[in-house]
Amino acid sequence: MCEVGTRPPLAAERGEPPGGAAAAERCRDMGEQPIFTTRAHVFQIDPSTKKNWVPASKQAVTVSYFYDSTRNSYRIISVDGAKVIINSTITPNMTFTKTSQKFGQWADSRANTVFGLGFPSEQQLTKFAEKFQEVKEAAKLARDRSQEKIETSSNHSQTSFAAKMKRESGRETPSSTRASSVNGTDDEKASHGGPAEAHLKSENDKLKIALAQSSSNVKKWETELQTLRESNARLSTALQESAASIEHWKKQFSACKEENDQLRSKIEELEEQCNEINKEKERNAQLSRRLQELETELQDKELELEELRKQGEIIPELMSECESVSEQLQAAEKKNKDLEEKVRTLRTEVEESKHRQTNLKTELKNFLDVLDGKIDELHDFRQGLSKLGVDN
């Protein structure tokens, strides 16, 4: 079997393939054959806390079941590089427990530790667990057969010893009877008793040797039985510790599950808050865009107001111009009245002096044309002023 504890020579030093292949080759040379192989991440329980898992390998390594035909035993072996990280002999009292969809563990009382394996998929974990149960049943069957052989050999020895004792007692009774019933001289007695005594001594010596061998075998079997009882006690203690550890892990699992549920509810609440915050951000973005639009409109209104202010500064000038135009209009109206008076005067003069009419018609016509042009200009000017007043 492969030795564990000291550092084995490196694969390169032995000219062997590295890692798990070299370990498998060594185990084959020692009479062990791999019956199942897979890959997984290996963990061991923290010996100080008995709660936390400590990684035994930095990456997934080869984990194999080996069968030792010489000792009729099964082992789980895993090697990371040149380091043996799992060397666990499977006993009928061991139990492989699935703690999650991809993780399983078992307790090894001989190594005084708990091994854990993390698989890439649930299917590989299921195959490993089924193989563990199969190997466990095979180990149990092998143990039962060995106990049956021990019991059979013990019964056979006791039976042979009892038969020899019966045969010896049967031989001693006739000889004693024959010695007491025979009448004759001492020489006859000596001649008859010498060979019987020698035969009895030889038989007694044989019986003593058989008895010594039987007693030594009984002591040996008692020692082996005591060893088996102690081993069973240790395995029972390990099983109880494993059961307690399983209960502890179940409690921790339930606590972690409750904590996970609480965290999920908190995450959902936070997601709802994040959604509300995102909606609020969208509303703020819309308000910011609307505010920018309003600021742009306000700037446009301020520009219009500035233009109106500039126009308002021009209005007094226009009012002064309008007043001057009004004064000019009044003056023109006065002139118009004066001209009308003159016209009336001229008409009276025309009536009075018709004989000047011919000469004055030309002058009057020219004067009326000029006057009509002035009146048109004045009329146009008045209309312009009225429009300007309406616009203001």
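Residues numbered from 1 in each chain as written. Predicted model: local features only at pLDDT ≥ 70, side-chain atom pairs only at ≥ 80, totals over all residues. Heavy atoms only, no water.

Colleague: Outline the overall build of the chain, supporting the account with residue identities and numerical values.
Modeller: The number of helices and strands found in the chain is 5 helices and 8 strands. Along the chain, helices (α) and strands (β) appear in the sequence α-α-β-β-β-β-β-β-β-β-α-α-α when read from the amino end. Considering the chain as a whole, with its 392 residues, one finds that 22% of them fall into the buried category. Partitioning the intrachain contacts of the chain with sequence separation of at least 6 by distance along the chain shows that 57% fall at a separation of at least 24. Summing over all exposed atoms, the chain offers an accessible surface of approximately 28,300 Å²; the carbon and sulfur share of this is 52%. (Helix = DSSP H or I, 4+ residues; strand = E, 2+ residues; numbered from the N terminus. Buried < 20%, exposed > 50% of the residue type's maximum accessible area, 1.4 Å probe, protein only. Contact = heavy atoms within 4.5 Å. Areas by Shrake-Rupley, 256 points an atom, 1.4 Å probe, with all protein chains shown as cover.)

Colleague: With reference to specific residues and values, describe the nonpolar core.
Modeller: Formed by 23 residues in total, the largest nonpolar core has its most connected members in Y65, I76, I86, W106, L117, F128 and F132. At the level of secondary structure, the elements contributing two or more residues to this core comprise β1 (32-45), β3 (61-68), β4 (73-80), β5 (83-89), β8 (113-118) and α3 (122-181). In terms of residue count, α3 provides more of this core than any other element does, 6 residues in total. Discounting chain neighbours no more than four positions away, the residues touching L117 are A40, H41, V42, V63, I86, K102, F103, G104, W106 and F128. (Core = buried A, V, L, I, M, F, W, Y, C linked by side-chain atoms within 4.5 Å.)

Colleague: Lay out the environment of F96 with the relevant residues and their values.
Modeller: On the secondary structure map, F96 appears in the loop between β5 and β6 (97-98). Sequence-wise, F96 and W106 are 10 residues apart; in three dimensions their C-alpha atoms are separated by 4.7 Å. Discounting chain neighbours no more than four positions away, the residues touching F96 are G104, Q105, W106, L125, F128, A129 and F132.

Colleague: So what's going on with the confidence of the model for the chain? Residues and values would help.
Modeller: Looking at the chain, pLDDT values average 78 and 79% of them are 70 or higher. Taken together, the stretch residues 1-24 has pLDDT below 50 and engages in 34 contacts with residues farther than four places along the chain or on a different chain. (pLDDT = per-residue confidence, 0-100.)

Colleague: So what about the packing of aromatic side chains? Which residues, and what values?
Modeller: A complete count under the given rule lists 13 aromatic pairs for this structure. Between F96 and F132, the ring centres sit 5.5 Å apart and the planes meet at 40 degrees, which makes this aromatic pair tilted. Here F96 is found in the loop between β5 and β6, whereas its partner F132 is found in helix α3, with 36 residues between them in sequence. The pair F96 / F132 is uniform in exposure class, with both members buried. By way of ring pairs, the aromatic residues F36, Y65, F96, W106, F115, F119, F128 and F132 are connected into one cluster. (Phe/Tyr/Trp six-rings, centres within 6.5 Å; stacked < 30°, edge-to-face > 60°.)

Colleague: Quick one: what's the story with the pairing of β5, residue by residue and with numbers?
Modeller: Within a regular beta strand, the side chains point alternately toward one face of the sheet and then the other, so they alternate between its two faces. Two strands pair when backbone bridges link them, and β4 and β5 are joined in this way by 6 bridges, in the antiparallel orientation. The residue of β5 that forms the bridge with V79 is V84. In textbook terms, the turn of a hairpin is the stretch between consecutive antiparallel strands, and for β4 and β5 this stretch comprises 2 residues, one of which, G81, has a positive phi near 70 degrees. (Pairing = 2+ DSSP bridges.)

Colleague: Now, about the pattern of salt bridges: what can you tell me, with residues and values included?
Modeller: Applying the stated criterion across every chain yields a total of 6 salt bridges. For R283, the salt bridge is made with E280, and the minimal N-O distance between the two is 2.2 Å. You can see R283 and its partner E280 sitting in helix α4 (residues 186-352), 3 residues apart, about one turn around the helix. With a relative accessible area of 42%, R283 lands in the partly exposed category. Since its relative accessible area comes to 36%, E280 is described here as partly exposed. With a shortest N-O distance of 3.3 Å, R290 and E293 are connected by a salt bridge. One end of the pair, R290, and the other, E293, are both in helix α4, 3 residues apart, so they sit about a helical turn from each other. (Salt bridge = Lys/Arg side-chain N within 4 Å of Asp/Glu carboxyl O.)

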